[in-house]
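If you want the building blocks of each chain, they are given just below.
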Amino acid sequence: MLEPRTSVRRVEVITERRQFSADDKARFVEETLAPGAVVSEVARRHGLSPQQLFTWRRQMRQPVAIPVAPEPQTFVPAVVTPSSTPPERSPRQRRRLRKAPEGAENSGIIELEINGVAVRVGGGADAATVAAVIHALKTCT
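Procedures and definitions
- Every chain is numbered on its own, with residues counted from 1 as its sequence reads.
- For this predicted model, a pLDDT threshold of at least 70 governs which residues receive local features, and a threshold of 80 or more governs which side-chain atom pairs are given and counted, while totals over whole chains, interfaces and linings are taken from all residues.
- Side-chain calculation: all heavy atoms of the structure are included, whereas hydrogens and water are not.
- For the purposes of this entry, the term helix denotes a DSSP run of H or I that reaches at least four residues, the term strand denotes a run of E that reaches at least two, and both are numbered from the N terminus.
- What a helix is expected to span follows from its residue count: subtract one and scale by 1.5 Å.
- Partly exposed describes any residue whose relative accessible area lies between the buried limit of under 20% and the exposed limit of over 50%, with all areas from a 1.4 Å probe on protein chains only and scaled to the type maximum.
- Taken from the helix axis, the directions to the C-beta atoms give the arc we talk about.
- Should any heavy atoms of two residues lie within 4.5 Å, those residues are counted as being in contact.
- Two rings belonging to Phe, Tyr or Trp (six-membered ring only in the last case) form a pair when the distance between their centres is within 6.5 Å. Interplanar angles under 30 degrees mark stacking, angles over 60 mark edge-to-face geometry, and anything in between is tilted.
- In this description, a line fitted to the C-alpha atoms serves as the axis of each element, helices being fitted only across the stretch in contact, and the angle between N-to-C directions of two axes falls anywhere from 0 to 180 degrees.
- Relative orientations are named as follows: roughly parallel for angles under 35 degrees, roughly antiparallel for angles over 145 degrees, roughly perpendicular for angles from 65 to 115 degrees, and oblique for any other angle.
- The classification used treats Ala, Val, Leu, Ile, Met, Phe, Trp, Tyr, Cys and Pro as nonpolar, Asp, Glu, Lys and Arg as charged, and all other residues, Gly among them, as polar.

A few points about helix α1 (residues 22-33)
Point 1. For α1, spanning twelve residues, the distance from its first C-alpha to its last is 17 Å, which sits close to the expected 16 Å at 1.5 Å a residue.
Point 2. Residues of α1 that are buried include every one of F28, V29 and T32, and no others. Within α1, the buried residues cover an arc of 95 degrees as seen down the axis, which keeps them to one side. Exposed side chains of α1 directed beyond 90 degrees from the buried face belong to D23, E30 and L33.
Point 3. As for α1, its buried residues are in contact with α2 (39-46) and α3 (50-61).

A closer look at the packing of aromatic side chains
Point 1. For the coordinates displayed, the defined rule picks out three aromatic pairs.
Point 2. With a centroid separation of 5.7 Å and an interplanar angle of 80 degrees, the aromatic rings of F20 and F28 are classed as edge-to-face.
Point 3. The interplanar angle of 75 degrees and the centroid separation of 5.5 Å between the aromatic rings of F20 and W56 together place this pair among those described as edge-to-face. Of the two residues, F20 sits in the segment before α1 while W56 sits in helix α3, which places them 36 residues apart along the sequence.
Point 4. Since its relative accessible area comes to 22%, F20 is described here as partly exposed.
Point 5. Through a chain of ring-to-ring contacts, three or more aromatic side chains come together here, namely F20, F28 and W56.

Here we look at the packing of α2 against α3
Point 1. Put simply, α2 and α3 touch, their axes get as near as 8 Å, and they point 110 degrees apart. Overall, the two elements α2 and α3 adopt an arrangement that is roughly perpendicular. Facing V39, S40, V42 and A43 of α2, the residues of α3 in contact are P50, L53, F54 and R57.
Point 2. Residue classes in the contact of α2 with α3 are distributed as six nonpolar, one polar and one charged.

So, in structure tokens, the structure goes:
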């Protein structure tokens, strides 16, 4: 007849994650880099797993991106001269206008006039650009 083993094992249950500061992590990793150091011994001494120390070592080898403050945006002054003559059209634009039905030469074009400044916006312009131009014109006048 065999006798049951009477050995008792101690089990530690961790209910919450421990947080280590950057200084602590750096100190633990530095210990693993010392000549003759064994990662598993360093980990055991600090209650960590060796995998955690290897992860921290890999993360510390990554280059650190230093945030750079964006430069303030500045506007370039624009000189607008009123024109009484229509703008010169390229040969391609003239061909397209000849092919278009009568009265369609201005289709898709938005024309704005704010305090004597006229702006023509083509049909392919996105809404954000048009809004930015209108805002800039309103604030400049």
